[in-house]
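For reference, the chains in residue letters:
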Amino acid sequence: MASFNTPHGASREPDAAVRTHLPESSEGFAESLLRLEDIHREKLAVCDQLEAIADSLPAEINRQRCLYAAKAIAQIVRQAHRFEETTVFPAISARFPGAPNLADTLRRLQFEHCEDEGFADELSDALHRLAAGDPRVHPETIGYMLRGFFTTVRRHIAFEREHLIGATRGLANSQS
Ligand SMILES: [Fe+2]
């Protein structure tokens, strides 16, 4: 049986218990993984926007792009995490209850979600101030925050693709 690895980083407890929405069929389970892949693509597109902003600093700041990214990260990150925690994670747990390391993997991913949401809020606020021309905002600091955030999110997605979606599909195939 395939095992699930544990990602790095995490220091904060999830904020609250979440209500689950389990898919009722194999098709529903497969669809939830496809939806997760769509979400990953949306998050990666936002990461690309954030990287473009970082590359534009300090001389070529596009304020519209900063405003769009400020709104997008706060919204997309939370929507993604709620879907994973209320649908994907419970569905995987229910379908593969004996998978080695699965509980640890899901717990650590949820910890990372908490960290990323806090980071996304800080970054969103900083981008709003950058777009508004706030003189107290230092481009070097924003650049550091941007690169830290999109690097972390890309790493999280790569881990979920390989060790969550990949491992789950491998288990499903071995059962069929
Ligand atoms: Fe995630």
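This text follows the structure it describes.
Parameters at a glance
Residues numbered from 1 in each chain as written. Predicted model: local features only at pLDDT ≥ 70, side-chain atom pairs only at ≥ 80, totals over all residues. Helix = DSSP H or I, 4+ residues; strand = E, 2+ residues; numbered from the N terminus. Buried ≥ 20, exposed ≤ 12 C-beta atoms within 10 Å, placed from the backbone. Contact = placed C-beta atoms within 7 Å. Axes fitted to C-alpha atoms, helices over the stretch in contact; angles between N-to-C directions. Parallel < 35°, antiparallel > 145°, perpendicular 65-115°, else oblique. Left-handed = near helix turned anticlockwise from the far one by under 90°. Core = buried A, V, L, I, M, F, W, Y, C linked by C-beta atoms within 7 Å. Expected span 1.5 Å × (residues − 1). Bend = angle between axes of the 7 residues up to and from the residue.

## Some words on the overall build of the protein chain
Inference 1: A count of helical and extended segments in the protein chain gives 4 helices and 0 strands.
Inference 2: Secondary structure of the protein chain in N-to-C order comes out as α-α-α-α.
Inference 3: Out of the 176 residues belonging to the protein chain, those deemed buried represent 26%.
Inference 4: Contacts in the protein chain between residues far apart in sequence, at least 24 positions, make up 83% of those at least 6 positions apart.

## Structural notes on the environment of histidine 163
Inference 1: Following the sequence through the fold, histidine 163 ends up in helix α4 (residues 139-175).
Inference 2: Residues histidine 163 and threonine 105, spaced 58 residues apart in sequence, show a C-alpha to C-alpha distance of 8.8 Å.

## A closer look at the packing of helix α2 (residues 63-95) against helix α3 (residues 102-131)
A pair of packed helices is captured by two measures, namely the crossing angle of their axes and the spacing between those axes.
Inference 1: Interhelical geometry of α2 versus α3 gives an angle of 165 degrees and a closest axis separation of 9 Å. Accordingly, the angle class assigned to the pair α2 and α3 is roughly antiparallel. Judged by the sense of rotation from one axis to the other, the crossing of α2 with α3 is left-handed.

## Quick word on unusual backbone geometry
Inference 1: Here the bond from leucine 57 into proline 58 is cis, since omega is 0 degrees, no more than 30 degrees from zero.
Inference 2: With respect to the element layout, proline 58 can be found in the loop between α1 (26-56) and α2.

## Observations regarding the nonpolar core
Inference 1: Of all hydrophobic cores here, the largest spans 29 residues; its most connected members are Leu50, Cys66, Ala69, Ile73, Leu127 and Leu146.
Inference 2: With 10 residues, the top contributor of residues to this core is α2.
Inference 3: Sequence-distant contacts of isoleucine 73, defined by excluding residues within four places in its chain, comprise Val46, Ala120, Leu123 and Ser124.

## Here's the deal with α2
Inference 1: A rise of 1.5 Å per residue sets the reference length of α2, with its 33 residues, at 48 Å; its end C-alpha atoms lie 46 Å apart and thus fit the reference within 8%.
Inference 2: By the largest-angle criterion, glutamate 84 marks the main kink of α2, which is about 40 degrees.

## Details of α3
Inference 1: Spanning 30 residues, α3 covers 42 Å between terminal C-alpha atoms, matching the ideal 44 Å at 1.5 Å per step.
Inference 2: Of the residues making up α3, those classed as buried are Leu102, Thr105, Leu106, Leu109, Glu112, His113, Asp116, Ala120, Leu123, Leu127, Leu130 and Ala131.
Inference 3: Positive backbone phi, approximately 75 degrees, marks glycine 133, located one or two places after α3.

## Quick look at the environment of glutamate 37
Inference 1: With respect to the secondary-structure elements, glutamate 37 resides in helix α1.
Inference 2: Sequence separation of glutamate 37 and isoleucine 157 is 120 residues, and the distance between their C-alpha atoms is 9.3 Å.

That's the geometry; what it means functionally is another story.
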